[in-house]
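Each chain is listed here by its residues.
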Amino acid sequence: MSKGAVVCSGSSLYLKKKFGVGYHMVLVKDHEGDCNEAAVTSKVLAMVPGSRLVGNAGAELAYVLPNESTAQFSELFTSLEKEQKELGILSYGVSVTKLEEVFLKVGEDEGVVANKQMQKYEQQKKEHAALRNSASALTNVLEDGVPQSTQGIGITGETINEGEEASASRPASGERK
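Structure report, in brief. Small disclaimer: the values here were computed from a predicted structure and weren't measured.

1. Some words on helix α3 (residues 73-82)
(1) Moving on: All of the buried residues in α3 are Phe73, Leu76, Ser79 and Leu80. Around the axis of α3, the buried residues are gathered within 130 degrees of arc, so they sit on the same side. When the buried face of α3 is taken as reference, the exposed residues oriented beyond 90 degrees from it are Glu75 and Lys82.
(2) Moving on: Its buried side turned inward, α3 meets β1 (23-29), α2 (37-47), β3 (60-65), α4 (84-87) and β4 (89-96).

2. What about the packing of aromatic side chains?
What characterises a pair of aromatic rings is the spacing of the ring centres plus the angle enclosed by the ring planes.
(1) Moving on: One pass over the structure, following the stated rule, counts three aromatic pairs.
(2) Moving on: Ring centres of Tyr23 and Phe73 lie 5.3 Å apart, and the angle between their planes is 90 degrees; this geometry places the pair in the edge-to-face category. Here the residue Tyr23 occupies a position in strand β1, and Phe73 occupies one in helix α3, the gap between them amounting to 50 residues.
(3) Moving on: Take Phe73: its relative accessible area is 8%, and that puts it in the buried class.
(4) Moving on: An angle of 50 degrees between the planes, with centres 5.9 Å apart, marks the rings of Phe73 and Phe77 as tilted.

3. A word on the pattern of salt bridges
(1) Moving on: In the structure shown here, the tally under the stated rule is two salt bridges.
(2) Moving on: For Glu37, the salt bridge is made with Lys29, and the minimal N-O distance between the two is 2.8 Å.
(3) Moving on: The salt bridge partner of Lys43 is Glu83, with a shortest N-O separation of 3.1 Å. In this pair, Lys43 is assigned in helix α2 and Glu83 in the loop between α3 and α4, connecting sequence segments 40 residues apart.

4. Notes on the side chain of Asp30
(1) Moving on: By the secondary structure assignment, Asp30 is in the loop between β1 and α2.
(2) Moving on: The side chain of Asp30 is buried and forms no salt bridge, while Lys85, the nearest opposite charge, is found at 7.3 Å.
(3) Moving on: Ignoring sequence-local partners within four residues, the contact set of Asp30 consists of Cys35, Gly88, Ile89 and Leu90.

Conventions adopted
Residues numbered from 1 in each chain as written. Predicted model: local features only at pLDDT ≥ 70, side-chain atom pairs only at ≥ 80, totals over all residues. Heavy atoms only, no water. Buried < 20%, exposed > 50% of the residue type's maximum accessible area, 1.4 Å probe, protein only. Helix = DSSP H or I, 4+ residues; strand = E, 2+ residues; numbered from the N terminus. Arc of directions from axis to C-beta. Contact = heavy atoms within 4.5 Å. Phe/Tyr/Trp six-rings, centres within 6.5 Å; stacked < 30°, edge-to-face > 60°. Salt bridge = Lys/Arg side-chain N within 4 Å of Asp/Glu carboxyl O. Lys, Arg positive; Asp, Glu negative; His and termini not counted.

Here is the structure:
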C-alpha cells in the first residue's frame, strides 16, 4: 500500500521477480589490498550481461546481477573460484532481492509518479493563471472600448482607423446585444 491505495499484490516470489532489481553479489577483497578491481569488474560485466557495479567500499565490491542472466551465473562462479587468488578475492556471496527492497522500490516509484503529477498540476495552474489574466485584459478592453485615438485591428478583424470606434465596443446602457 502507498498513500492508502494498493500498489502491488502477489506472492513474495512474484513481487521480487516483477519489482526486484535482481541478485546482489558481494565480493570480499583480499585484505592485503591485492584485489584487481578492474579485472574483477571486467569479468563480471563480460560474463553476466546487464550486471553493474553498485558499490566499492572498504573490503567489498558489490554488483547487481539481473534476473534474466541466471543462466550465466554458474560459469561466472566457476571462473571466480578458479581465478580467486589472481583476482585478489577472498570470498563472495549472492543473495536475491529482499522484500524490503521491493517495497522501497515500489514506494520510490510511487513518489516519482506523485512528483510528476504535482509538476503537471503546477504547470496547469500557471497556464490557467495566464489564461485568466488574458481573459481579464480582454474583458477590460471590451468594457472600456477601444480608445478613439487608436488605430489597429478590431475584435472581428476589421481595421479600426483613427477616429472610428470598434464594433465590439460596449453597448450603450440599457441596450443588449
